[in-house]
Amino acid sequence: MQHAGAGDPVAGKLKSDSERCQECHGQDGNAEDSRIPKHAGQFAGYLVKQLQDFQSGARRHEIMVKMAADLTPADMADIAAYFAGQPVMQGRLEHENPRAKSLFESGDPARELASCESCHGKNGKGRVENGVIYPVIGGQNKLYLRRQLLNWKLGERKNSTEAVMNKVAKALADDEIEALVDYVSGL
Ligand code: HEC
Ligand code: HEC
């Protein structure tokens, strides 16, 4: 699996320090604050897409729009390569969660809800198919995951190809989102 893309991870390590990315996202991309996403082992192409989307306004966030504003394409590729090259983010499941596990692995045919796994791969560790990157979500920080699912559901975030994530999140009840973020962050 090609996680790292074409950037230079050595330059990216220095740039992610001087551009202050590590202050929030962690030295090795494992952000400690649960509201901030981990980048460790995330696909470089996915990280670059998000930075482009913050620059273009396709994805909104007060802090990140400012942080991304001055990055050149080379900065983005290098920083993404550095974080993508770290061992992939890992959670720790602390209790059984059969409802979330079932939604994650099997979806719900009655609602035409595809399983998370069918796109995000086994344990949510991500995949690439036909040029679409399905990001790593397994082991991602819990409060960040919750915010994103609610943002997709409310239409606050709408930068996924063909609005797939808006459709998925709209089909989920709020208590299912709660159960899912608890489960997915532990994978
Ligand atoms: C002050 C804290 C802070 C700093 C500094 C910061 N970020 Fe972020 N970053 C965040 C937060 C918070 C989010 C979550 C945004 C949201 O909720 O949509 C985020 C989201 C992201 C995302 C989206 C990740 C995903 O999984 O979709 C990327 C990529 C990113 N940041 C890269 C960077 C880079 C590169 C830098 C340095 C140039 C940087 N960040 C600096 C706080 C920060
Ligand atoms: C049909 C395919 C598909 C299905 C099914 C799907 N996803 Fe996604 N998901 C995507 C794509 C594509 C993206 C990347 C969007 C982008 O490029 O910004 C994404 C992004 C996400 C993100 C944002 C990750 C980040 O770092 O910001 C979360 C969280 C997420 N999905 C959770 C889920 C959960 C939970 C489920 C199951 C309930 C699910 N997804 C089902 C395709 C899918």
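By convention here, each chain's residues receive numbers from 1 onward along its written sequence. For this description, chains carry letters from A and ligands carry numbers from 1, given in the order in which they are written. Since the coordinates come from a predicted model, pLDDT governs what is reported: local features require at least 70, and pairs of side-chain atoms require 80 or more to be given and counted, while whole-chain, interface and lining totals use all residues. With hydrogens and water excluded, all non-hydrogen atoms of the structure serve as input to the side-chain values.

Observations regarding the overall build of the protein
Here comes step 1: Segments assigned H or I by DSSP are reported as helices when at least four residues long, segments assigned E as strands when at least two residues long, and all are numbered from the N terminus. Helix and strand content of the protein: ten helices and two strands.
Here comes step 2: Across the protein, helices and strands are ordered from the amino to the carboxyl terminus as α-α-α-α-α-α-α-β-β-α-α-α.
Here comes step 3: For a compact globule of 187 residues, the expected C-alpha radius of gyration is about 16 Å, and the protein comes in at 16 Å, within 12% of that figure.
Here comes step 4: Dimensions of the protein along its principal axes, counting C-alpha atoms only, are 50 × 30 × 30 Å.
Here comes step 5: Exposure categories follow from relative accessible area, calculated using a 1.4 Å probe and restricted to protein chains: below 20% of the type maximum is buried, above 50% is exposed, and the middle band is partly exposed. For the protein, buried positions account for 47% of its 187 residues.
Here comes step 6: Residues are treated as being in contact if the distance between any of their heavy atoms lies within 4.5 Å. Within the protein, counting contacts between residues at least 6 apart in sequence, those at least 24 apart form 66% of the total.
Here comes step 7: A total of about 10200 Å² of accessible surface is found on the protein, and carbon and sulfur atoms cover 53% of it.
Here comes step 8: Distance from the positive charge centre (24 side chains) to the negative charge centre (26 side chains) of the protein: 3 Å. The size measure is the radius of gyration over C-alpha atoms, and the globule rule it meets is 2.2 Å times the number of residues to the 0.38 power. Surface accessibility follows the Shrake-Rupley procedure with a 1.4 Å probe radius. Residue values consider only the protein chains on display as shielding. Only four residue types enter the charge count, namely Lys and Arg as positive and Asp and Glu as negative; His and the chain termini do not. To locate a charge, take NZ of a lysine, CZ of an arginine, CG of an aspartate or CD of a glutamate.

Details of the coordination of the iron atom of ligand 1
Metal coordination angles in their ideal form are 109.5 degrees for the four-donor tetrahedron and 90 or 180 degrees for the six-donor octahedron.
Here comes step 1: Because water is not among the atoms used, a metal site may look incomplete, as its donors are only the N, O and S atoms within 2.8 Å, or 3.2 Å for Na, K and Ca. Binding of the iron atom of ligand 1 to the protein goes through His-25 (NE2) and Met-64 (SD), at separations of 2.0 to 2.3 Å.
Here comes step 2: Working rule for geometry: tetrahedral if four donors all subtend angles between 85 and 135 degrees; square planar for four, octahedral for six, if opposite donors exceed 155 degrees and the others stay between 65 and 115; irregular in every other situation. Coordination geometry of the iron atom of ligand 1: the six donor atoms subtend angles of 88 to 179° at the metal centre, consistent with an arrangement described as octahedral. Pair noted here: His-25 is in helix α2 (residues 21–25) and Met-64 is in helix α4 (residues 62–69), with a separation of 39 residues, a long-range link.
Here comes step 3: For His-25, a relative accessible area of 10% translates into the label buried.
Here comes step 4: For Met-64, a relative accessible area of 17% puts it in the buried group.

Here we look at helix α5 (residues 73–84)
Here comes step 1: The span you would expect from a helix comes to 1.5 Å times its residue count less one. Here α5 spans 16 Å end to end across twelve residues, near enough to the 16 Å set by a 1.5 Å rise per residue.
Here comes step 2: For α5, the buried fraction is high: nine of the twelve residues fall into the buried class.
Here comes step 3: If you check which residues of α5 are buried, you get Asp-75, Met-76, Asp-78, Ile-79, Ala-80, Ala-81, Tyr-82, Phe-83 and Ala-84.
Here comes step 4: Contacts from the buried residues of α5 go to α1 (9–18), α2 and α3 (44–56).

Comments concerning the coordination of the iron atom of ligand 2
Here comes step 1: For the iron atom of ligand 2, the protein coordination sphere consists of His-120 (NE2) and Met-165 (SD), at 2.1 to 2.3 Å.
Here comes step 2: Bound by six donor atoms, the iron atom of ligand 2 shows angles of 86 to 179° at the metal and therefore octahedral coordination geometry. Placement of the pair is His-120 in helix α7 (residues 116–120) and Met-165 in helix α9 (residues 164–170), with a sequence separation of 45 residues. Taken individually, His-120 and Met-165 each receive the classification buried, so the pair is uniform in this respect.

Topic: the packing of aromatic side chains
Here comes step 1: Two rings from Phe, Tyr or Trp (for Trp, the six-membered ring) form a pair when their centres sit within 6.5 Å of each other. Planes less than 30 degrees apart are called stacked, planes more than 60 degrees apart edge-to-face, and all others tilted. Applying the stated rule across the entire model yields two aromatic pairs.
Here comes step 2: Summarising the aromatic geometry, the rings of Tyr-82 and Phe-83 are spaced 5.2 Å apart at their centres and angled 50° between planes, so their arrangement reads as tilted.
Here comes step 3: The buried category is assigned to Tyr-82, whose relative accessible area is 9%.

Some words on the site of ligand 1
Here comes step 1: Nearness of a residue to a molecule or strand requires only that one of the residue's heavy atoms be within 4 Å of it. Taken together, the neighbourhood of ligand 1 is formed by 22 residues, with Cys-21, Cys-24, His-25, Tyr-46 and Met-64 sitting nearest.
Here comes step 2: Among the secondary structure elements, those contributing two or more residues to the shell around ligand 1 are α2, α3, α4 and α8 (142–154).
Here comes step 3: With five residues, the top contributor of residues to the shell around ligand 1 is α3.
Here comes step 4: Throughout, the ten residues Ala, Val, Leu, Ile, Met, Phe, Trp, Tyr, Cys and Pro are labelled nonpolar, Asp, Glu, Lys and Arg are labelled charged, and all others, Gly among them, are labelled polar. Here the residues of the shell around ligand 1 are counted per class, giving 14 nonpolar, five polar and three charged.

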